[in-house]
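# Breakdown of the fold
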Amino acid sequence: MAGEVVVDALPYIDQGYDDPGVREAALAMVEEECRRYRPTKNYLENAGPEPSTAFETPALQREMERVQQRLPMEPLSMKRYELPPPPAGRLGEPTAWTEAVDNSHAQLSHQAIRVLNLELQLQYGSEAWRSYLNTLQALVTRSQNVHGQLRKQIASVNWERKRSQTASGARLRALRRRWAQLVSDNYRLERAIMQLEIQLQKARGEAPTDDGDQDDLESVKNLPDKLNSETEKEVQKKIEDMFAD
């Protein structure tokens, strides 16, 4: 099935991590992976150029070029705050003086708006900043709540995984014991059948010559009944119980 994950490790119940040679084997795997990794001075050279120019404005690009060329920074322009008179050749023109007066009005209006903004900031700036801090604190609290919920979910997943693996470990150990018992029963059954065949061959070939052989024949006579009553039925019952669970 596509996307199916085969779990081949149960860390909560697996054993043998402290056995001799396990740590050395893990370190050998790490060293092998390090040998296959090609270290370079610039480990990002295969990643391609960084898309840094996507966020650069024309002004920022010009500034970066100036820095690369080691040129001095341009002085701050104060032309917007100047009130120049009309040019020398237009001192006698009323329109030139009208333009100069309009420029002065614009400069004064700009300064008046800046003063108004400063007054508003003095009057309402603290409240605006307090409101911003409250909003920021609410965002922090919400993020902490989300973080706490995620930690609880992670702990719940880990606990459920531990519980599931612990239950699976008990079942696996029980199945392992059943498998060992069934293998042992099959081994005893095969050994008894082999002994029975040997005794039958002896019984067909020649009559018993001593008391030991007589005892063997007596045990052979009772052997099939014991097998049928103790071994085969027990094995069948264990197999049925194993599949019934």
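What you see is a predicted model; the values in this text were computed from it and never measured.

## Points about the overall build of the protein chain
Along the backbone of the protein chain there are four helices and zero strands. Tracing the protein chain from N to C terminus, the helices and strands come up as α-α-α-α. Within the protein chain, the fraction of its 245 residues that count as buried is 9%. A separation threshold of at least 6 residues defines the contact pool for the protein chain, and within that pool the share at least 24 residues apart is 63%. Surface exposure of the protein chain reaches about 21800 Å², of which carbon and sulfur atoms provide 57%.

## Focus: unusual backbone geometry
The phi dihedral of R70 falls on the positive side, at around 60 degrees, and the residue is not glycine. Looking at where R70 falls in the secondary structure, it is placed in the loop between α2 (58-68) and α3 (94-205).

## A look at a nonpolar patch on the surface
Residues W129, Y132, L133, L136, L139 and V140 make up a contiguous nonpolar surface patch of about 560 Å² in total accessible area. One can find W129 in helix α3. What makes W129 exposed here is its relative accessible area of 53%.

## A look at α3
Along α3, the sharpest kink reaches roughly 60 degrees, centred on Y124. Taken as a whole, α3 has its buried residues at A96, S104, Q107, Q165, G169, L182, D185, L189, A192, L196 and Q199.

## So, the confidence of the model for the protein chain
Averaged over the protein chain, the pLDDT score is 79; the fraction of residues at 70 or greater is 76%. For residues 220-231, every residue scores under 50 in pLDDT, and the model assigns this stretch 12 contacts once sequence neighbours within four places are set aside.

## Digging into the pattern of salt bridges
Per the stated rule, a full pass over the model turns up seven salt bridges. The closest approach of N and O atoms between E93 and R90, which form a salt bridge, is 2.9 Å. Taking relative accessible area as the criterion, E93 reaches 33% and is therefore assigned partly exposed. With a closest N to O distance of 2.9 Å, R130 and E127 form a salt bridge. Remark: E127 and R130 occur in helix α3; sequence separation between them is three residues, near one turn of the helix. Judged by its relative accessible area of 46%, E127 is partly exposed. Three or more residues joined by partner-sharing salt bridges are found here, namely E32, R35 and R36.

## So, the packing of aromatic side chains
Here the structure, examined in full by the defined rule, presents one aromatic pair. Relative to Y132, the ring of W129 lies with its centre 5.2 Å away and its plane at 35 degrees, an arrangement referred to as tilted. With W129 and Y132 both in helix α3 and three residues apart, this pair spans about one turn of that helix. In this structure Y132 comes out as partly exposed when scored by relative accessible area, which is 45%.

Basis of the calculations
- Residues numbered from 1 in each chain as written.
- Predicted model: local features only at pLDDT ≥ 70, side-chain atom pairs only at ≥ 80, totals over all residues.
- Heavy atoms only, no water.
- Helix = DSSP H or I, 4+ residues; strand = E, 2+ residues; numbered from the N terminus.
- Buried < 20%, exposed > 50% of the residue type's maximum accessible area, 1.4 Å probe, protein only.
- Contact = heavy atoms within 4.5 Å.
- Areas by Shrake-Rupley, 256 points an atom, 1.4 Å probe, with all protein chains shown as cover.
- Patch = residues over 30% accessible without salt bridge, like charges linked within 9 Å, V, L, I, M, F, W, Y side chains within 5 Å.
- Salt bridge = Lys/Arg side-chain N within 4 Å of Asp/Glu carboxyl O.
- Bend = angle between axes of the 7 residues up to and from the residue.
- pLDDT = per-residue confidence, 0-100.
- Phe/Tyr/Trp six-rings, centres within 6.5 Å; stacked < 30°, edge-to-face > 60°.

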